[in-house]
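Results of the structural survey
Okay, here's what each chain looks like letter by letter:
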Amino acid sequence: MGLTILLGIFGLTVVLGLPVAFAMGIAAAVTFAYEGMPLLMTFQRSVAGVSSFSLLAIPFFIFAGELMMHGGIAQHLVRFATTLVGHVRGGLATVNIFSSMLFGGISGSAIADISALGSILIPVMKEKGYRPDFAVNVTVTSSIAGIVIPPSHNMIIFAVAAGGGISVSKLFIAGVIPGILMCVCLAIAAYVIAVRHNYPSEAFPGWRETARAAMQALPGLFTAVIIVGGVLSGVFTVTESGAFGAIYALVLTAVVYRTLSFEAFVTCVTSSVRTTAMVMILIAFAGSFAWLLALYDVPTALSDALLSVSDNPIVILLMINVILLMLGMIMDMAALILICTPIFLPIAQGLGMDPIQFGIMLLINLGLGLCTPPVGTCLFVGCAVGKVKIETALRTIWPFYLALLVALLLVTYVPAISLWLPSIIG
């Protein structure tokens, strides 16, 4: 009965339009009251949810991403990507994907990726004869590479949800190859569509211009080197590397490039505070919610249910992926990381899957949910930036969905894609 109350109130409040964080908090408070526990338990479990030193890195990563988005870094990355891959058939689509890979490694935010790169590349692609829905679909689907390519604050959320026993630095390393794999799959899909529709390519400017564009983009790319390299070398903790990365991004955009105005700086600070508050409130209430799920032994019950269908690891992992994909269509990514990790991680580990591999699989899966309705945040933002109706984009986005699904299945069933690089560097 207590589990029914917990899930029933949560589902009802979400349907009524209440933010997911408060829906979890209210459901947990009512369930604690039903079980006769003091209401103080809700606040104790919520405070315990955010009492992790690693979470201090999240506001720094968010702030660094905002500075990169509003500080003009995207233009230099787009120019560099254009000189490298613009001469391929449908070159601007490949430029879009390659730029997302570079920008994702700096900002770690899919929304920042779409806002910064989409506002630059989508109008240009339209002018060159690309269909508007194609331009939007490329931008939206390639943006989720920023969730997997380090640094990513979602990796920190996963590490906390997994109980704190997973190394964030190993997660950072593990995300590199899967992130590149996602972009390669998307580039192949974009190339096939470009050939079919005879989209144009850009003239190769020569290696001298490529070197010049690389030098201009290098200071921006060095942000990721500071954040990730500082952690891997042992010079910084994850939190300290985030702080140094934010300081470097501020100096770079305000002093070196001189593209950050005071108004943009205020916007960065305001947006960072707002986003950080939302994430922390979500993590806090998810702590109470997850504690009750563990109390009612939901992970074991769900594991038994999956094993009753099949004991084949391939089938069980496929079922987990399908469940996550369906949940990703209706709920926010951060909330699902916090809710699903304690449930599905023990099942995956019981099948012999490494927690690092599971984390990368989870992030790619839920990232795909950001591109799918009805709660596809990236899809909504991309359509707004590109001035394309959502239903129009959905009619032609399926090849990119298939490309991302191929990458997801490869990461799920080929452990080396996620674990080879951490084992070498480790």
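For the structure itself, consult the block above.
Residues numbered from 1 in each chain as written. Predicted model: local features only at pLDDT ≥ 70, side-chain atom pairs only at ≥ 80, totals over all residues. Heavy atoms only, no water.

**Concerning the overall build of the protein**
When you go through the protein residue by residue, the secondary structure sums to 23 helices and zero strands. Its C-alpha atoms give the protein a radius of gyration of 21 Å, near enough to 22 Å, the size a compact globule of 426 residues would have. Each principal axis of the C-alpha atoms in the protein carries an extent, and together these give about 70 × 45 × 45 Å. Once local pairs closer than 6 in sequence are excluded, the contacts in the protein between residues at least 24 apart make up 79%. Of the roughly 17,300 Å² of accessible surface on the protein, 71% is carried by carbon and sulfur atoms. One finds the centroid of the 15 positive side-chain charges in the protein at a distance of 16 Å from the centroid of its 15 negative side-chain charges. (Helix = DSSP H or I, 4+ residues; strand = E, 2+ residues; numbered from the N terminus. Rg over C-alpha atoms; globule rule 2.2 N^0.38 Å. Contact = heavy atoms within 4.5 Å. Areas by Shrake-Rupley, 256 points an atom, 1.4 Å probe, with all protein chains shown as cover. Lys, Arg positive; Asp, Glu negative; His and termini not counted. Charge placed at Lys NZ, Arg CZ, Asp CG, Glu CD.)

**Let's talk about the packing of aromatic side chains**
This model, assessed by the stated rule, comprises twelve aromatic pairs. Members of the aromatic cluster, each reached through a chain of ring pairs, are Tyr-130, Phe-134, Tyr-199 and Phe-400. (Phe/Tyr/Trp six-rings, centres within 6.5 Å; stacked < 30°, edge-to-face > 60°.)

**A few points about the nonpolar core**
Membership of the largest hydrophobic core comes to 114 residues, with the highest contact counts inside it found for Phe-10, Met-24, Phe-134, Ile-320 and Phe-358. Per-element accounting of this core gives the leading share, 13 residues, to helix α18 (residues 333-350). Every residue in contact with Phe-10, bar those within four places of it in the chain, is listed here: Val-20, Ala-23, Met-24, Ala-27, Phe-289, Met-331 and Ile-339. Counting residues in each nonpolar core, the second largest holds 28 residues, with Phe-80, Val-95, Ala-246 and Leu-252 among its members. (Core = buried A, V, L, I, M, F, W, Y, C linked by side-chain atoms within 4.5 Å. Buried < 20%, exposed > 50% of the residue type's maximum accessible area, 1.4 Å probe, protein only.)

**Thoughts on helix α3 (residues 40-50)**
Turning to α3, its buried residues number three or more, namely Met-41, Thr-42, Ser-46 and Gly-49. Taken down its axis, α3 places every buried residue within 130° of arc, on the same side. Set apart from the buried face of α3 by more than 90 degrees, the exposed residues are Leu-40, Phe-43 and Val-47. Each element contacted by the buried residues of α3 is listed here: α2 (20-34), α10 (153-161) and α15 (262-295). (Arc of directions from axis to C-beta.)

**Things to note about helix α5 (residues 73-85)**
The periodicity of an α-helix, 3.6 residues per turn, causes residues three or four places apart in sequence to face the same way. Given a rise of 1.5 Å per residue, 13 residues ought to cover 18 Å, and the 19 Å separating the end C-alpha atoms of α5 matches this to within 8%. Regarding α5, the residues found buried are Ile-73, Ala-74, Leu-77, Val-78, Phe-80, Ala-81, Thr-83 and Val-85. (Expected span 1.5 Å × (residues − 1).)

**Observations regarding the environment of Thr-82**
Structurally, Thr-82 is set in helix α5. Accessibility expressed as a relative area gives 24% for Thr-82, which makes it partly exposed. Placed 123 residues apart in sequence, Thr-82 and Pro-205 show a C-alpha to C-alpha distance of 9.1 Å. From its side chain, Thr-82 meets the backbone oxygen of Val-78 in a polar contact 2.7 Å long. (Polar contact = N/O pair within 3.5 Å; in protein donor to acceptor, adjacent residues only side chain to side chain.)

**So, the side chain of Asn-365**
As for its position among the elements, Asn-365 is in helix α19 (residues 355-369). Among the residues examined, Asn-365 registers a relative accessible area of 0% and is labelled buried. At 2.8 Å, the side chain of Asn-365 forms a polar contact with the side chain of Asn-321.

**Overview of the pattern of salt bridges**
Summed over all chains, the structure comprises three salt bridges. Between Asp-133 and Arg-131 there is a salt bridge, with its nearest N and O atoms 2.9 Å apart. With its nearest N and O atoms 2.6 Å apart, the salt bridge here joins Arg-212 to Glu-209. One end of the pair, Arg-212, and the other, Glu-209, are both in helix α13 (residues 207-233), three residues apart, so they sit about a helical turn from each other. On the basis of relative accessibility, which here comes to 40%, the residue Arg-212 falls in the partly exposed class. Relative accessible area serves as the criterion here: at 21%, Glu-209 is assigned to the partly exposed category. (Salt bridge = Lys/Arg side-chain N within 4 Å of Asp/Glu carboxyl O.)

**A word on the packing of helix α4 (residues 57-70) against α10**
Here α4 crosses α10 at 165°, and the two axes come no closer than 9 Å. Here α4 lies roughly antiparallel to α10, going by the angle between them. Two packed elements cross with a definite hand, and for α4 against α10 that hand is left-handed. Residues Ala-57, Ile-58, Phe-61 and Ile-62 of α4 pack against His-153, Ile-156 and Ile-157 of α10. A breakdown of the residues in the contact of α4 with α10 according to their chemical character gives six nonpolar, one polar and no charged. (Axes fitted to C-alpha atoms, helices over the stretch in contact; angles between N-to-C directions. Parallel < 35°, antiparallel > 145°, perpendicular 65-115°, else oblique. Left-handed = near helix turned anticlockwise from the far one by under 90°. Nonpolar A, V, L, I, M, F, W, Y, C, P; charged D, E, K, R; others polar.)

**Focus on the environment of Leu-218**
On the secondary structure map, Leu-218 appears in helix α13. Taking the C-alpha atoms as reference points, Leu-218 and Gly-369, 151 residues apart in sequence, are found 32 Å from one another.

**A closer look at the side chain of Thr-253**
Summarising the element assignment, Thr-253 is placed in helix α14 (residues 238-256). Given the relative accessible area of 0%, Thr-253 is considered buried. Ignoring any residue separated from it by four or fewer positions in sequence, one finds Thr-253 in contact with Leu-67, Gly-71, Ile-73, Arg-258, Thr-259 and Leu-260.

**Comments concerning the packing of α10 against α19**
Relative to each other, α10 and α19 sit at 130°, their axes nearing to 11 Å. When the axes of α10 and α19 are compared, the pair comes out oblique. Taken as a pair, α10 and α19 cross one another with a handedness that is right-handed. Here Asn-154, Met-155 and Phe-158 of α10 lie close against α19, whose contacting residues are Pro-355, Phe-358, Gly-359, Ile-360, Leu-362 and Leu-363.

**Thoughts on a nonpolar patch on the surface**
Taken together, the side chains of Ile-314, Val-315, Leu-318, Val-322, Met-326, Val-406, Leu-409, Leu-410, Tyr-413 and Val-414 make up a nonpolar region of the molecular surface, amounting to roughly 780 Å² of accessible area. When contributions to the nonpolar patch are tallied by element, the ones reaching two or more residues are α17 (313-328) and α22 (398-413). At five residues, the largest contribution of residues to the nonpolar patch is made by α17. Tracing the chain through its elements places Val-315 in helix α17. Owing to a relative accessible area of 32%, Val-315 belongs among the partly exposed residues under this scheme. (Patch = residues over 30% accessible without salt bridge, like charges linked within 9 Å, V, L, I, M, F, W, Y side chains within 5 Å.)

It is worth stressing that arrangement in space is one thing and function is another; only the former is reported here.
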